[in-house]
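# Fold and contact review
Here's the letter readout for the chains.
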Amino acid sequence: MDVSSLSAAGKSVPLGVVVSKLITRSRLSQRELTARSGLSKDQLSRTLLGKRAVRFDEAMRLLAAAEVPARGALTLALFDRSDLAIEWSDSGLSAFFEALIEALPETLRSELGDDIERVNPRWGQHAARFVAQRINHHIQELIEREQKLGEFEPQR
């Protein structure tokens, strides 16, 4: 796929900018990235400097080589959230988002079956809020458990 920018909602984000920022945060050397990605040293250098357009498949390879969840990062950039793609790259949230994106289509298909055509697009926002609330609830339960365990003192 020959895509040099990601666009949504009328905006355009240069793909190379997102990839370059994510790779820089990975702290891998250009030598390591060259070896892992299969791109030449010149291609990688020009890409990171913004002097060369990046194809989508190259972006995927580069991000995978930098051990950044590529699909999650590029999906965020597609929806004009390259800021989150970069911010989340240092956290487990990036890998979570990638796993969610990967699992969601098949999960929807298996759960909805023939009713898939009945899904209302307006439900997307509500579903996102529900998922975030459930995750927050789970995190709060984990924190409470950890606090209780921290107060645990074995009997002597």
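So, here is what we can say about the structure in this document. (Residues numbered from 1 in each chain as written. Predicted model: local features only at pLDDT ≥ 70, side-chain atom pairs only at ≥ 80, totals over all residues. Heavy atoms only, no water.)

### Section: the pattern of salt bridges
For the structure shown, the criterion picks out 11 salt bridges. Notably, a salt bridge pairs arginine 36 with glutamate 32, separated by 3.9 Å at the nearest N-O pair. In this pair, arginine 36 and glutamate 32 both sit in helix H2 (residues 30–37), 4 residues apart, roughly one turn of the helix. By relative accessible area, which is 41% here, arginine 36 ends up partly exposed. The exposure class of glutamate 32 is partly exposed, given its relative accessible area of 35%. Connected via shared salt-bridge partners are Arg52, Arg55, Asp57 and Glu58. (Salt bridge = Lys/Arg side-chain N within 4 Å of Asp/Glu carboxyl O. Helix = DSSP H or I, 4+ residues; strand = E, 2+ residues; numbered from the N terminus. Buried < 20%, exposed > 50% of the residue type's maximum accessible area, 1.4 Å probe, protein only.)

### Comments concerning the packing of aromatic side chains
Here the structure, examined in full by the defined rule, presents 1 aromatic pair. An angle of 70 degrees between the planes, with centres 5.9 Å apart, marks the rings of tryptophan 88 and phenylalanine 97 as edge-to-face. There is no split in this pair, since tryptophan 88 and phenylalanine 97 are both buried. (Phe/Tyr/Trp six-rings, centres within 6.5 Å; stacked < 30°, edge-to-face > 60°.)

### Re a nonpolar patch on the surface
Residues Leu93, Phe96, Leu100, Phe130, Val131, Ile135, Ile139 and Ile143 make up a contiguous nonpolar surface patch of about 610 Å² in total accessible area. Elements represented by at least two residues in the nonpolar patch include exactly helix H7 (92–112) and helix H8 (123–151). Ranked by the residues each element gives to the nonpolar patch, the list is headed by H8, at 5 residues. Among the secondary structure elements, isoleucine 143 is positioned in helix H8. A relative accessible area of 33% places isoleucine 143 in the partly exposed class. (Patch = residues over 30% accessible without salt bridge, like charges linked within 9 Å, V, L, I, M, F, W, Y side chains within 5 Å. Areas by Shrake-Rupley, 256 points an atom, 1.4 Å probe, with all protein chains shown as cover.)

### Considerations on the nonpolar core
Ranked by internal contacts, the top residues of the largest apolar core, which has 26 residues, are Val19, Leu22, Ile23 and Leu63. When contributions to this core are tallied by element, the ones reaching two or more residues are helix H1 (15–26), helix H3 (41–48), helix H4 (56–65), helix H5 (70–78) and helix H6 (82–88). In contact with leucine 63, other than residues within four places in its own chain, are Val19, Leu22, Ile23, Val68, Ala70, Ala73 and Leu74. (Core = buried A, V, L, I, M, F, W, Y, C linked by side-chain atoms within 4.5 Å. Contact = heavy atoms within 4.5 Å.)

### As for the packing of H2 against H4
Contact geometry for H2 and H4: axes closest at 9 Å, N-to-C directions at 120 degrees. Looking at the two axes, H2 sits oblique to H4. Considering only the axes of H2 and H4, their crossing is right-handed. For the pair H2 and H4, contact is made by Leu33, Arg36 and Ser37 and by Arg61, Leu62 and Ala65, respectively. (Axes fitted to C-alpha atoms, helices over the stretch in contact; angles between N-to-C directions. Parallel < 35°, antiparallel > 145°, perpendicular 65-115°, else oblique. Left-handed = near helix turned anticlockwise from the far one by under 90°.)

### Thoughts on H7
Compared with the 30 Å implied by 1.5 Å per residue over 21 residues, the 29 Å span of H7 between its first and last C-alpha is a close match. Along H7, the largest kink reaches about 40 degrees and is centred on leucine 104; proline proline 105 follows within four residues of it. Those residues of H7 not exposed but buried are Ser94, Phe97 and Glu98. Contacts from the buried residues of H7 go to H5 and H6. Its side-chain oxygen placed 3.2 Å from the backbone nitrogen of leucine 93, serine 91 serves as the N-cap of H7. Looking one or two residues beyond H7, the residue adopting positive phi is glycine 113, at roughly 55 degrees. (Expected span 1.5 Å × (residues − 1). Bend = angle between axes of the 7 residues up to and from the residue. Polar contact = N/O pair within 3.5 Å; in protein donor to acceptor, adjacent residues only side chain to side chain.)

Keep in mind that these numbers describe shape and distance, not what the molecule does.
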